[in-house]
Amino acid sequence: MGTIGFRARWLPFPLAISLLLDCGLASAAEPSPAARYVIEQPSQDLGDALRAIGRQTSTSVLFDPRIVAGRLAKPVSGRLSGVEAITAAVAGADLEVHVTPDGAVVVRSLAAQKAVPAGPSATTVPAIPASPGSASAPASVRAGAADGGAGPGDTDVGAQPPNSESVYQITRVEVTGSRLRRVDAEGPAPVNVYTARDIERSGQPNLQRFLAGLNEVSASAGEGGFSRTLGQGTVQLRGMPLGSTLVLVNGRKLEAVGSSTGSVFNLNLIPLAAIERVEVVPSGSSAVYGGDALAGVVNIVLKKSIDGSSLAARLGTGRGFRDGSVSIATGGRDADGSYLLLGSFSRSTPLTMVERSRFANVDFRAIGGADERQPYCAPGNVSSISGNLPGLGASVAGIPRLASGQTPTLADYQATAGMRNLCNRYATGGGAALIHGTQTFALHSLAEHRLSGSWSAFGEAMFVKDRTEAPSYGVTLASVKVPAANLFNPFGVDVRVSSVLGNDSGIQGLLRQGRFTRALAGLKGQLGEDWDAELAVSTSSDHGSSLSRNDSVNATALAAALASQNPATAFNPFTAGKAATDEVLRGILADTIRRDRGRKDQASAIVRGSVGQLWAGPVDVVVGAEAARDWYDMSVPGQSEIHGNRRSSAAYGEARVPLLAGREEGRVTWNLAALTLAARRDTYSDFGSANTFQGGLEVRPTRNLLIRGSAAGSFKPPTLLQTNVSDLVDDASFYGLVDPARGGEAITSGSLVRTTNKELKPERGQARGIGAVWEPEGGLGTRLSASHWQLRVRSMIALLAPQSALNYESAFPTFVTRGPAANGLPGVVTSIKAAEVNYGRLDTAGTDVDAAYAWTTSAGRATVAAGATRVNEYRVQLTPGAPVVDRLGRRFIDFWAPRWKGRLSVGLDAATWNLGLTSRYLGNYKDAGTSERRLGNYWIHDLAGSLNLKKLWPELLPGFRAATFGVSVTNLADREPQFVPGAPNFDVTQADWRGRYVSARLTLDW
């Protein structure tokens, strides 16, 4: 929506002019020509530099791509207006800068200017020398949301004869948090933007780890074998439950991939090399983007185009593991369109408990913990069924460790009588995975082509093939009965053995392989002078399989092998070596295979425009519709199958109404106040409809001060896994249930049915926020912001325990079935359902504060930035009758929040190098349960720097136009996750076991 028309009589370009207007989240008014911005740009491709300045300053920049092709921009540094920055960038080139009365900036060649003199309305701006020591800007703490720029096709500035008069349309850009296209960098709700450079400087190897370090991400699902997603990357904004953060790619939804049990999208499928930026809306906003946005939205914006080719390589290493990646991209753009093709490959080795000394001996009594060693070792322990073991004066003995192939005799047990072999079961075999090994191959492509007039066709395609693998601990034998006739039993009587099989007998482990594909095609263009439209269809799918090695034991086959008198078929439980032949082991140990498939097909249409002009500015509106089909299939051969699908549709609208306008020199220059409203209705085939609303107010007493407030509704539909449960029937008497309606009588008959609750409804949320942003005109890079937020979730979905169904039968009348009443008592329970219900509630609130300051020194541009999130409420109730649990500052395995999380960074950017230090803080919190053990209250320090090789040594690497080498060290002090009692002995939601992690990267452009 929202186009701005201007007339030009003097554009001499023979081809369509490349035009860019970047925008943010708020005012529909054009910025004052005198508005100044902190601009730090290195010497780079001139076209890229002009587009970047246009994005940063919301300036309309027009130029013929042919006249800037192959040219380098001058470095730009300082607090400049858009016109001044553009003039500095083209200084020394055979180019001139002209400004129209409408504020548009035209860059043209001197030859063109001589051929067609500028009319009296055009202004020629003299060159402004670039400031010395200019360099690229440092990573922002809270950058204003800005799109990567409109490519060719976003506007039609067709070939015009000299001095012709035409109306040119400037298309505004949409960013996450709103579908309105607007021109200021801030709106009624915060949108935190992190660029590819921010991710690179963090030193993190994948997107999940980068997001986990942000202040707005209080807790995470973890990594490795103790993760709740088994290594699938996800994000939990505000530490809220899994699946409550909506993930978008280029503003569009993705399916929850099958390999994550259909609950979340795997962030690590997106190659870092393809990411242009990540936009985070840390507040519920379903009225704009639909379901799953209870906690907020993470929008991954992929790169759109490049001019030329680029190669990027990275190597990383830490104690016990290595990783690396390489990507190559090529692309181009001209008046008719643009394209990008990027391929990447990454690989990392697994990190297991064997590589960390903490897990070698889990007797933690010396540090105030407990002895957590277990008798499941290789070799393990033997115990009597009754009395003492024959020939020994004890009922238990550790199995002696002998040379491979030897079997202990009764005499060998004399030294271990009365003693047990104790160890950490999770550190046997290959060791439990702290981080999985991965291998990913990805292709990302994007193209856009102008069709006719203002209309263009665009498409995107992505293919990812990934592999996740890690060894695990040994196969456990828990109190297995070994008959007296066993060939290796020296005791002559039946005994019991508890042990872990040695590595030669096979260890457990995970191998997951998958393919993710995404394809999108669409049309976009203008409908008249003030409206634009977009139509798009897309499909994304995930096919995967998970192999859990040696994760089940065939009890019948094991018993037969233990009783066998034939050495070829017998099983030896008294050894740390190979316990049986390969054939026997294959009959005893079995793998589990799970196959998953997820798919989402969707179509969308959106129209934007202005419906009228008020005194304070235009009233901009958005109207859109979506339709989608989702599938999810999961099967474990011989055990269970789930097949689910749903159809959904949505209609939505959004409007921005300027209420008051600020004026300078008789013209509207900014909105003193504006109101934003949004409404959406989603309809699902399997549970009905959901209506959501959103409103926001912006007040700008001055151009540099924004006071804002917002309120929004949100919802999360049940997952296809929750609405398609396979029925399982069991004997209710096995579960120790009692019937309150019959005086606490024990339930000794009837059935327990695990099934689907057909009445399941969406989870509902409300979000509120109020805050302020101040960016003083005279401060070089000064920024202060504060936002108070509040999230409320109701009707949370949780599995209702059978005893709770009995205790609160009146609240869940369909869950308990009874026989006929007798003797004044309700009938005997004949059936109890175990199913998901809408009952739980969650309330959380807190404040985000950020500050940044930059200044110019003789060495370059220095920056200091600080940010913190203070959570002051996190209360949860999940089951009927349970007390409300305060999860603020108290560790939980799934979702909770520490009181404080913060970041502090300092940096220096010189002309040829940069260096930055970032310190991440996790506040004090208590351990799980009722423990008073204190955790947190520590800093992790990261260092990153880079060299511009071509600037330092211009003759280096001939044929390349740019070359950069960078090094980062994450966790400089090599801090390990803190100890907590109970396996796995660390806080999964906060841990990163990489320790000190060093990575180096090289980027070459040509």
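Throughout this document, residue positions are counted from 1 along each chain, in the order its sequence is written. Only residues with pLDDT of at least 70 get local features here, since the model is predicted, and only at 80 or more are side-chain atom pairs given and counted; chain-wide, interface and lining totals rely on the full set of residues. In computing side-chain values, all of the structure's heavy atoms are included and hydrogens and water are not.

Now for the overall build of the protein. Within the protein one finds 11 helices and 53 strands. Taken across its 1006 residues, the protein has 55% of its residues classed as buried. Intrachain contacts of the protein at a sequence separation of at least 6 include 71% that bridge at least 24 residues. Under the scheme used here, helices are H or I runs from DSSP no shorter than 4 residues and strands are E runs no shorter than 2 residues, and both carry numbers assigned from the N terminus. For the exposure calls, accessible area comes from a 1.4 Å probe over protein chains only, and a residue counts as buried if that area is under 20% of its type's maximum, exposed if over 50%, partly exposed in between. Contacts were defined at the residue level, with two residues in contact if any of their heavy atoms lie within 4.5 Å.

Here we have 4 strands laid out as an open sheet, ordered β22-β21-β27-β26, and antiparallel in their pairing. Bordering the open sheet on either side are β22 (396-398) and β26 (476-482), each of which pairs with just one other strand. Neighbour to neighbour, the strand axes of the sheet diverge by 15° on average, direction disregarded. By definition, two strands form a pair when at least two bridges between them are found by DSSP. With axes taken as lines fitted to C-alpha atoms, and helix axes fitted only over the stretch in contact, angles between N-to-C directions fall between 0 and 180 degrees.

By convention in these notes, a salt bridge is any Lys or Arg side-chain nitrogen within 4 Å of a carboxyl oxygen on Asp or Glu. Using the criterion set out here, one finds 50 salt bridges in the structure. With its nearest N and O atoms 3.2 Å apart, the salt bridge here joins Arg314 to Asp323. For the residue pair Arg314 and Asp323, the accessibility class agrees, reading buried in each case. Connected through salt bridges with shared partners, the residues Arg792, Arg794, Arg841, Asp843 and Glu873 form a single ionic network.

We now examine the state of the cysteines. A pair of sulfur atoms, both from cysteines and within 2.5 Å, is called a disulfide here. Counted by the stated rule, this structure contains 1 disulfide. Shown here is the disulfide that connects Cys377 with Cys423, its sulfur atoms set 2.2 Å apart. Every disulfide takes its handedness from the sign of the S-S torsion; for Cys377 and Cys423 that torsion is -120°, giving left-handed. In this pair, Cys377 sits in the loop between β20 (351-352) and β21 (381-384) while Cys423 sits in the loop between β22 and β23 (433-435), placing the two residues 46 residues apart along the sequence. You'll find Cys377 and Cys423 in the same group, each marked buried.

Before going further, it helps to spend a moment on the sheet that holds strand β36 (residues 728-731). Within the open sheet, the 4 strands sit side by side as β36-β39-β43-β42. Their pairing is mixed. Every interior strand has two partners, whereas the edge strands, β36 and β42 (816-818), have only one. In this sheet, neighbouring strand axes are inclined to one another by 20° on average, regardless of whether the strands run parallel or antiparallel. Sheet topology places β42 next to strand β43 (residues 829-834); 3 bridges connect them, and they run antiparallel. The residue bridging Val816 from the neighbouring strand is Ile832, located in β43.

Judged by how many residues are buried, helix α3 (residues 82-89) sits mostly within the fold: 8 of 8 residues are covered. Along α3, the residues classified as buried are Gly82, Val83, Glu84, Ala85, Ile86, Thr87, Ala88 and Ala89. Here the buried face of α3 lies against β3 (37-41), α1 (46-57), β4 (61-63), β5 (76-80), β6 (95-99) and β7 (105-109).

Take Pro958: it is sitting in the loop between α11 (949-952) and β52 (962-970). When its relative accessible area of 71% is taken as the criterion, Pro958 is described as exposed. Expressed as a C-alpha distance, the spacing of Pro958 and Trp1006, which sit 48 residues apart in the sequence, is 9.7 Å.

With respect to burial, strand β13 (residues 245-249) is a largely interior element, 5 of its 5 residues being buried. Of the two faces of β13, the one carrying Thr245, Val247 and Val249 and the one carrying Leu246 and Leu248 are both buried. The pairing of β13 with strand β16 (residues 296-302) spans 5 bridges and is parallel. Its bridge partner lying in β16, Leu246 is registered against Val297. Strand direction decides the pairing type here: β13 and strand β14 (residues 252-253), joined by 2 bridges, are antiparallel. Considered in β14, the bridge of Val249 is made with Arg252.

Glancing now at the nonpolar core. The criterion is simple. A nonpolar core is a set of buried Ala, Val, Leu, Ile, Met, Phe, Trp, Tyr and Cys residues joined through side-chain atoms within 4.5 Å. Membership of the largest hydrophobic core comes to 45 residues, with the highest contact counts inside it found for Leu207, Leu211 and Ile300. Among the secondary structure elements, those contributing two or more residues to this core are α6 (207-212), β13, β15 (275-281), β16, β19 (337-348), β25 (455-474), β41 (783-799) and β45 (861-877). Here this core gets 4 residues from one element, more than from any other, and that element is β41. Excluding anything up to four places from it in sequence, Ile300 contacts Leu207, Val247, Leu248, Val249, Asn250, Leu267, Ile270, Ile275 and Arg277.

Further remarks concern the packing of α1 against α3. Orientation of α1 relative to α3, taken along the N-to-C sense of each, is 170°, at an axis distance of 10 Å. Between α1 and α3, the crossing angle belongs to the class labelled roughly antiparallel. In this structure, α1 contributes Leu46, Leu50, Ile53 and Thr57 to the contact, and α3 contributes Gly82, Ala85, Ile86 and Ala89. Here the residues of the contact of α1 with α3 sort into 6 nonpolar, 2 polar and no charged. Angles below 35 degrees are treated as roughly parallel, those above 145 as roughly antiparallel, those between 65 and 115 as roughly perpendicular, and all remaining angles as oblique. Each residue is assigned to one class: nonpolar for Ala, Val, Leu, Ile, Met, Phe, Trp, Tyr, Cys and Pro, charged for Asp, Glu, Lys and Arg, and polar for all the others, Gly among them.

As a further point, take α1. The end-to-end C-alpha distance of α1 is 16 Å, a good match for the 16 Å that 12 residues give at a rise of 1.5 Å each. The buried fraction of α1 amounts to 9 of the 12 residues, a majority that puts the element mostly inside the structure. Those residues of α1 that sit buried are Leu46, Gly47, Ala49, Leu50, Arg51, Ala52, Ile53, Gly54 and Thr57. A helix's residues, less one, multiplied by 1.5 Å, set its expected span.

By the element assignment, Gly437 lies in strand β24 (residues 437-452). Between the C-alpha atom of Gly437 and that of Arg347, which follows or precedes it by 90 residues, the distance is 7.5 Å. Among all residues touching Gly437, those that are not within four sequence positions of it are Ser348, Thr349, Pro350, Arg467, Thr468 and Glu469.

Summary of the metric used: pLDDT quantifies the predictor's per-residue confidence within the range 0 to 100. On average, residues of the protein carry a pLDDT of 85, and 87% of them reach 70 or more. Low pLDDT, under 50, characterises residues 112-173; the stretch is placed with 207 contacts to residues that sit more than four places away or in other chains.

The description of an aromatic ring pair rests on the distance of the ring centres and on the angle between the ring planes. Pairing of aromatic rings covers Phe, Tyr and Trp, the last counted by its six-membered ring, and requires centre-to-centre distances within 6.5 Å; plane angles under 30 degrees mean stacked, over 60 mean edge-to-face, and any other angle means tilted. Under the defined criterion, the tally for this structure stands at 18 aromatic pairs. An angle of 90° between the planes, with centres 5.5 Å apart, marks the rings of Phe960 and Trp1006 as edge-to-face. Of this pair, Phe960 sits in the loop between α11 and β52 while Trp1006 sits in the segment after β53 (997-1005), and the two are 46 residues apart along the sequence. Residue classification places Trp1006 among the partly exposed positions, given a relative accessible area of 36%. Put simply, the rings of Phe226, Phe359, Tyr426, Tyr473, Phe986 and Trp993 pair up and form one aromatic cluster. Criterion for a charge above a ring: Arg CZ or Lys NZ at most 6 Å from the ring centre, at most 35 degrees from the ring normal. Of note, Arg238 hangs over the ring of Trp789, and the distance from its end group to the ring centre comes to 4.0 Å. Between the NZ or CZ atom of Arg887 and the centre of the ring of Phe895, over which it lies, the distance is 4.5 Å.

In this section: unusual backbone geometry. The linkage connecting Ala378 with the following residue, Pro379, adopts the cis geometry, with an omega of 5°. Positionally, Pro379 belongs in the loop between β20 and β21. Here the residue pair Ala983 and Pro984 is connected by a cis peptide bond, since its omega of 5° sits within 30 degrees of zero. With respect to the element layout, Pro984 can be found in the loop between β52 and β53. For Asn937, which is not glycine, the phi dihedral falls at a positive 60°. By the secondary structure assignment, Asn937 is in the loop between β50 (934-935) and β51 (938-948).

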